[in-house]
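As a plain string of letters, each chain reads:
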Amino acid sequence: MSGSLNPSSLARLLGEWNLGAAPAYRELADVVRLLVLDGRVPLDVALPSERALAATLGISRTTVTAAYSLLREQGFLSSGQGSRGRTCIPQSGPPGGHRGGGAHLSGAPGLAVPDGILDLAYASLPASGEVVHRAFASALTELPALLPGFGYDALGVIPLREAIARHYSAAGVPTTARQILVTSGAQHALNIVLRTLAGRSDKVLVEHPSYPNALDAIRAAGCRLVPVAMPAAVHPHPRSGASGGRPGWDLEAIETALRQQRPAMAYVVPDFHNPTGRLMPDSQRRRLVRAAAAAGTVLVVDETLRELNLDGVDSTPLAAFSPAVVSIGSLSKSHWAGLRTGWIRAEEPLIQRFAAARTTMDLGGPVVEQLAAAHLVNALAEPLPARLASLRDNRDALLELIAGRLPGWQSERPDGGLSVWCRLPAPISTALAVVAPDFGIRLAAGPRFGTGGAFEHYLRVPFTLPPEQLETAVAALRSAQDKLEASPQLRRSLGAPPAAAIA
Ligand SMILES: Cc1ncc(COP(=O)(O)O)c(C=O)c1O
């Protein structure tokens with residue numbers, strides 16, 4: 001991407017950047033760096049001139065000059081010709097070292113997290129190692145039989161497609177291997193679906209908040225987002241701060257948006273929605289499928305988190321309600337994101353269209369990985385009991401820590417998935433993410449989960465770390481919040497009436 005950012009757009013993205021917690025030039029540089037890292041300011045765009053930005057922000061040009069120099073020093077701004085540097089990411093940095101593990105949020109592929117930083121920007125788990133290793137050992141013994149072939153297969157290897165089809169059939173959605181396309185993960189699957197079904201300027205309905213990388217993919221496809229707010233959590237528990245009610249989805253709002261906007265596509269995460277962890281009840285699933293069909297909207301269901309069913313509540317896969325539903329799945333959460341294996345389930349003619357669209361991006365997946373994945377899908381449940389037990393402990397520990405140590409935070413108890421969506425006492429999410437590394441943690445700011453700068457009042461906190469590390473992380477969150485509260489600007493914002501509910 002290339003282009004330039006005008007001063008008022010950057011000012012809008014910066015929000016309440018000047019908290020008075022550090023010299024102004026440093027705060028400005030910190031927030032710009034965060035915006036680049038989490039993808040809200042794209043790479044290779046020219047930042048506004050120093051003079052224009054200073055005038056828009058009402059600060060001295062010297063402050064902007066110093067902020068830009070710091071960004072250049074840190075490798076986030078190219079020197080370029082003339083004075084307008086372009087955004088970039090450092091070319092070299094410390095290797096590896098994610099203590100939280102997982103997939104990058106966006107914007108800075110391969111950027112390493114320094115040692116000692118607890119990574120709360122990811123909601124992902126390490127591999128279920130032994131199970132994965134065994135699957136690869138079996139795959140290697142099966143490989144010779146496939147070596148005489150060309151190795152290209154846009155649909156995926158048969159044993160894996162059969163295993164995935166059996167998995168759907170067992171869950172109550174009769175499926176054949178011809179209805180399955182294997183992909184390099186759910187994100188790849190969504191991009192294939194977008195490329196096939198959504199043209200530039202088409203509308204795509206999304207939950208608000210939603211999974212940041214999906215929002216980015218939809219934006220990158222040139223589509224217009226139609227965000228529908230998830231209802232706010234209700235009935236805060238008087239002691240724990242965790243909400244007691246089950247707010248679910250606002251089906252009336254979704255039905256209205258579908259009827260009035262007639263989007264080409266709707267992207268939903270009904271199984272342990274990212275970031276809220278909610279499970280959509282069957283009654284709402286039925287209504288959703290009916291409303292999408294009436295509007296002529298293709299319903300695309302991301303089931304990446306479906307196996308992380310922490311409370312064991314039954315739900316029917318959305319595809320059981322209509323053959324027109326397109327389902328996306330992945331091994332990233334049940335086994336390991338490093339497998340880069342996912343799939344699309346749809347009607348056969350659509351699968352053929354997806355396979356044709358795929359060849360503009362790649363010509364098929366790696367064969368050994370797919371053979372291993374077939375073993376993993378055949379025994380999908382094997383690593384889950386241990387995984388779910390530790391996630392339940394982590395979830396309880398995190399909810400208790402938030403209730404006990406973070407006054408003013410409201411957390412919603414997730415039905416499943418990997419994270420808690422917290423309402424903060426003030427719109428400080430980006431500010432927290434900016435100061436977080438000083439306290440040994442890395443955060444994904446709330447606005448990454450929405451559009452138009454929403455969710456400054458929210459933070460997603462994953463419970464993928466064990467309780468001892470969660471305790472350290474929550475202590476760090478408290479220190480970061482205390483630092484912000486000590487700044488006069490922020491105290492004013494804490495005293496302001498709460499912003500209207502947005503989720
Ligand atoms: C809802 C959702 N979809 C997709 C993904 C990405 O999945 P994959 O690693 O299979 O691309 C994630 C990862 O966190 C997710 O939460």
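Note that this is a predicted model, so its numbers are computed, not measured. (Residues numbered from 1 in each chain as written. Predicted model: local features only at pLDDT ≥ 70, side-chain atom pairs only at ≥ 80, totals over all residues. Heavy atoms only, no water.)

### Side note on the site of the ligand
Alright, step 1. Close to the ligand lie 13 residues, the nearest being Ala186, Asp302, Ser330, Ser332 and Lys333.
Alright, step 2. Within the contact set of the ligand, an oxygen atom lies 3.0 Å away from a backbone nitrogen or oxygen of Gln187.
Alright, step 3. Here the residues of the shell around the ligand are counted per class, giving four nonpolar, six polar and three charged. (Near = heavy atom within 4 Å. Polar contact = N/O pair within 3.5 Å; in protein donor to acceptor, adjacent residues only side chain to side chain. Nonpolar A, V, L, I, M, F, W, Y, C, P; charged D, E, K, R; others polar.)

### Some thoughts on the packing of aromatic side chains
One pair of aromatic rings is described through two measures. These are the centre distance and the angle between the planes.
Alright, step 1. In this structure the tally under the stated criterion is four aromatic pairs.
Alright, step 2. Grouped by ring-pair contacts, the aromatic residues Trp421, Phe449, Phe455 and Tyr458 constitute a single cluster.
Alright, step 3. Lying across the ring of Tyr168, Arg345 places its NZ or CZ 5.8 Å from the centre. (Phe/Tyr/Trp six-rings, centres within 6.5 Å; stacked < 30°, edge-to-face > 60°. Lys NZ or Arg CZ within 6 Å of the ring centre and 35° of its normal.)

### A word on the sheet that holds strand S11 (residues 410-411)
Alright, step 1. Read from one edge to the other, the open sheet built from three strands follows the order S11-S12-S14, with strand pairing classed as antiparallel. Looking at strand neighbours, the two that pair on one side only are S11 and strand S14 (458-462), the edges of this open sheet.
Alright, step 2. Sheet topology note: the S11/strand S12 (residues 419-423) ladder contains two bridges and is antiparallel. When the bridges of S12 are listed, Ser411 appears paired with Cys422. (Pairing = 2+ DSSP bridges. Helix = DSSP H or I, 4+ residues; strand = E, 2+ residues; numbered from the N terminus.)

### Re unusual backbone geometry
Alright, step 1. Residue Pro209 is bonded to the preceding His208 through a cis peptide linkage, with omega at 15°.
Alright, step 2. Locating Pro209 in the fold gives a position in the loop between strand S5 (203-208) and helix H8 (212-220).
Alright, step 3. In this model, Asn274 is joined to Pro275 through a cis peptide bond whose omega is 20°.
Alright, step 4. Here the phi dihedral of Phe272 falls at roughly 60°; this positive angle occurs in a residue that is not glycine.
Alright, step 5. Locating Phe272 in the fold gives a position in the loop between strand S7 (265-268) and helix H10 (282-295).
Alright, step 6. Positive phi values are uncommon outside glycine, yet Phe455 reaches one of about 75°.
Alright, step 7. Within the element layout of this structure, Phe455 appears in the loop between strand S13 (441-442) and S14.

### Description of the nonpolar core
Alright, step 1. Within the largest apolar cluster, 102 residues are counted, with the highest numbers of intra-cluster contacts made by Phe354 and Trp409.
Alright, step 2. Residues within four places of Trp409 in sequence aside, it is in contact with Ile402, Cys422, Arg423, Leu424, Pro425, Leu432, Leu459, Val461, Leu477 and Gln481.
Alright, step 3. Ranked by size, the runner-up nonpolar core spans 46 residues in total, among them Ala135, Leu143, Ala372 and Ala374. (Core = buried A, V, L, I, M, F, W, Y, C linked by side-chain atoms within 4.5 Å. Buried < 20%, exposed > 50% of the residue type's maximum accessible area, 1.4 Å probe, protein only. Contact = heavy atoms within 4.5 Å.)

### A few points about the pairing of strand S10 (residues 342-345)
Alright, step 1. Taking every second residue as pointing to the same face, both faces of S10 are buried, with Gly342 and Ile344 on one and Trp343 and Arg345 on the other.
Alright, step 2. Two strands pair when backbone bridges link them, and strand S4 (residues 180-183) and S10 are joined in this way by four bridges, in the antiparallel orientation. Paired with Ile180 across the two strands is Arg345, which belongs to S10.
Alright, step 3. For strand S9 (residues 326-330) and S10, the ladder comprises four bridges, and the chain directions are antiparallel. Note that in S10 the partner of Ser327 across the bridge is Arg345.

### Some remarks on the environment of Glu162
Alright, step 1. As for its position among the elements, Glu162 is in helix H6 (residues 158-170).
Alright, step 2. A C-alpha to C-alpha distance of 9.4 Å links Glu162 and Asn378, two positions 216 residues apart in sequence.

### Re the environment of Arg405
Alright, step 1. For Arg405, the location among the structural elements is in helix H13 (residues 384-405).
Alright, step 2. The spatial distance from the C-alpha of Arg405 to the C-alpha of Ala475 is 7.4 Å, given a sequence separation of 70 residues.

### Focus on the packing of helix H1 (residues 7-14) against helix H2 (residues 24-37)
Two quantities define a packed helix pair, namely the angle between the axes and the distance from one axis to the other.
Alright, step 1. Running from N to C, H1 and H2 point in directions that differ by 90°, and their axes come no closer than 10 Å. Judged by the angle between their axes, H1 and H2 are roughly perpendicular. Between H1, through Leu10, Leu13 and Leu14, and H2, the contact on the second element is made entirely by Leu28, Val31, Val32 and Leu35.
Alright, step 2. Residues that form the contact of H1 with H2 fall into these classes: seven nonpolar, no polar and no charged. (Axes fitted to C-alpha atoms, helices over the stretch in contact; angles between N-to-C directions. Parallel < 35°, antiparallel > 145°, perpendicular 65-115°, else oblique.)

### Side note on the packing of helix H3 (residues 50-57) against helix H4 (residues 61-74)
Alright, step 1. Between H3 and H4, whose axes approach to 8 Å, the crossing angle comes to 120°. The orientation of H3 with respect to H4, classified from their angle, is oblique. In the crossing of H3 with H4, the sense of the turn from one axis to the other is right-handed. Of the residues in H4, those in contact with Glu50, Arg51, Leu53 and Ala54 of H3 are Arg61, Val64, Thr65 and Tyr68. (Left-handed = near helix turned anticlockwise from the far one by under 90°.)

### So, the sheet that holds S9
By way of backbone hydrogen bonds, the strands of a sheet pair with one another, either parallel or antiparallel.
Alright, step 1. On the basis of which strands lie adjacent, the open sheet formed by seven strands has the order S4-S10-S9-S8-S7-S5-S6 and mixed pairing. The open sheet terminates on both sides in strands that have one partner only, identified here as S4 and strand S6 (224-229). Neighbour-to-neighbour, the strand axes of the sheet open up by a mean angle of 20°, direction not taken into account.
Alright, step 2. In this fold helix H11 (residues 348-358) packs onto S4, S9 and S10, with an angle of close to 25° to the strand it touches most, S4.

### Things to note about a nonpolar patch on the surface
Alright, step 1. A contiguous nonpolar patch, built from Phe150, Tyr152 and Leu363 and spanning about 450 Å² of accessible area, is present on the exposed surface.
Alright, step 2. On the secondary structure map, Phe150 appears in the loop between helix H5 (129-146) and H6.
Alright, step 3. Judged by relative accessible area, which is 82%, Phe150 ranks as exposed. (Patch = residues over 30% accessible without salt bridge, like charges linked within 9 Å, V, L, I, M, F, W, Y side chains within 5 Å. Areas by Shrake-Rupley, 256 points an atom, 1.4 Å probe, with all protein chains shown as cover. Salt bridge = Lys/Arg side-chain N within 4 Å of Asp/Glu carboxyl O.)

### Some remarks on the side chain of Arg395
Alright, step 1. With respect to the helices and strands, Arg395 occurs in helix H13.
Alright, step 2. We classify Arg395 as buried; its relative accessible area is 2%.
Alright, step 3. When neighbours within four sequence positions are excluded, Arg395 is seen to be in contact with Leu310, Asp311, Arg413, Pro414, Asp415 and Phe463.

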